[in-house]
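Close look at the chain arrangement
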Amino acid sequence: MTDHSVVDPERVGVDPHRLDVLLRRIRLEVEHGPLPSAQVAVARGGRLVAFETWGDAGPHTRYVLQSVGRSIVAGVVWKLLGEGLLHLDEQVASIIPEFAPNGKETVTVEQVLTHTAGFPFAPLGYPKMLDREQRLAAFGRWRLDTPPGSRFQFHLTAAAWLIAEFVERRTGLPFADYLHERIARPLGLSSIELGVPVERQPGTLAPMTATDRTDDTQEPDPWGPWYLSDPRVLAAGEPSHALVATAADVALYFQALEHSGLWKPEAVADGTRIRLTQLPHGEQIYGGGGNRRTSMGLFVTVAGPDAGSGLPSTGSSSLFGSAGAAYQLGFMDPESGLSFACLSNGYPLAGYDHSRRGTALLTNIANLAADLVR
């Protein structure tokens, strides 16, 4: 079971002065900035060296992880790959025959995991997502925008729905149950959960809060992150964004990939090996554009040569993880052994903050966090 106690940072080689600067920088955005709350955790050597919460939240408050949760979804896939229950060269249709129509029979598992499968905007909304038969019917209706393997473009929700079905076909457990029974519970990371029932959400989850509302007539964009502000949609458990957890359990999850023995080391190494380095296609609001290339492992972004997609440039090129809308980040640096999670419930009404200040804020926090080891 994971030890959640916080140890002296010097005990595990984390510079306490740099750590203090990082924590003060994040706290500033709550006490004198737009964030209603923030929660941050830093870990190394399997131990927490910091776990702080500021604002309208407490240490047991959980946050909607958005894209930060993809690293946890990736870990589920790596476990199946390491156990021989899933193979990268398999065609998706051989696992999920319902997926095959409309020319999708050649799509492979690896293409799904690297966002090159060709259907980035395949629809599956609420309430259809609640019913497995309706999900499978939706898979069959999905159509290709580009030939499989020809374009790197984030499949924001489609890829994770297929991953969830991979898990159920190969283990017999729904994704949420597998995550709980085979990963979260054995590791003692009890805050990690997918599909939190509506009645358990109030008082336990930090509610999504607008950071830039100027009057009561302004409404948030219902697309993008704000669709999870509906408790029913969050409870439906869309795998790529609806995971919830504390920052401590996110940071300790990354440590568990290396220290727990739950994963085969070669599976984690293969999962974080760079498969491509490109500018992601599409609009910025959907993860595209920008001036830095993104490197992809298996369902995680890797710093690589450009440190794109919100990852820090002060860590190693093998650092992996994901930034999440709007002011969130989680990563692990295998070379330094440091893991980091910063979570918040503050969101602009547009869902994302691509302003110069917003981009700089996440960049500054990321670079301070990756630079904590002497």
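Residues numbered from 1 in each chain as written. Predicted model: local features only at pLDDT ≥ 70, side-chain atom pairs only at ≥ 80, totals over all residues. Heavy atoms only, no water.

1. Some remarks on the overall build of the chain
For the chain, the count of helices and strands is eleven helices and twelve strands. If you line up the chain on its principal axes, its C-alpha atoms span 55 × 50 × 40 Å. Taking as baseline every contact in the chain between residues at least 6 positions apart, the subset at least 24 positions apart corresponds to 68%. Treating the 32 positive side-chain charges of the chain as one cloud and the 41 negative ones as another, the clouds have centres 3 Å apart. (Helix = DSSP H or I, 4+ residues; strand = E, 2+ residues; numbered from the N terminus. Contact = heavy atoms within 4.5 Å. Lys, Arg positive; Asp, Glu negative; His and termini not counted. Charge placed at Lys NZ, Arg CZ, Asp CG, Glu CD.)

2. Focus: the pairing of strand β10 (residues 328-333)
Side chains on a regular strand alternate between the two faces of the sheet. Burial analysis of β10 places six of its six residues in the buried class, which makes it a mostly covered element. Along β10, one buried face is formed by Gln328, Gly330 and Met332 and the opposite face, lined by Leu329, Phe331 and Asp333, is buried too. In the sheet, strand β9 (residues 320-324) pairs with β10 via five bridges, with the strands oriented antiparallel. Within β10, the position partnered with Ser322 by the bridge is Gly330. (Buried < 20%, exposed > 50% of the residue type's maximum accessible area, 1.4 Å probe, protein only. Pairing = 2+ DSSP bridges.)

3. Observations concerning the pattern of salt bridges
Inspection of the entire model under this criterion finds 22 salt bridges. One salt bridge in this structure joins Asp270 and Arg275, with 2.9 Å as the shortest N-O distance. Each of the salt bridges in this network shares a partner with another, and the network as a whole consists of Glu10, Asp15, Arg18, Asp371 and Arg374. (Salt bridge = Lys/Arg side-chain N within 4 Å of Asp/Glu carboxyl O.)

4. Some remarks on empty space enclosed by the protein
The tally for this structure, following the rule as stated, stands at three cavities of 30 Å³ or more. Ile26, Glu29, Leu35, Tyr327, Cys342, Leu361, Leu362 and Ile365 together form the lining of the largest cavity. Elements supplying a minimum of two residues to the lining of the largest cavity: α1 (16-31) and α11 (356-370). No other element matches the three residues that α11 contributes to the lining of the largest cavity. When its residues are assigned to classes, the lining of the largest cavity shows seven nonpolar, no polar and one charged. (1 Å grid on protein atoms, 1.4 Å probe; cavity = no way out; pocket = protein on both sides within 12 Å on 5 of 7 lines; lining within 4 Å. Points joined across faces, edges and corners; volume = space filled by probe spheres on them. Nonpolar A, V, L, I, M, F, W, Y, C, P; charged D, E, K, R; others polar.)

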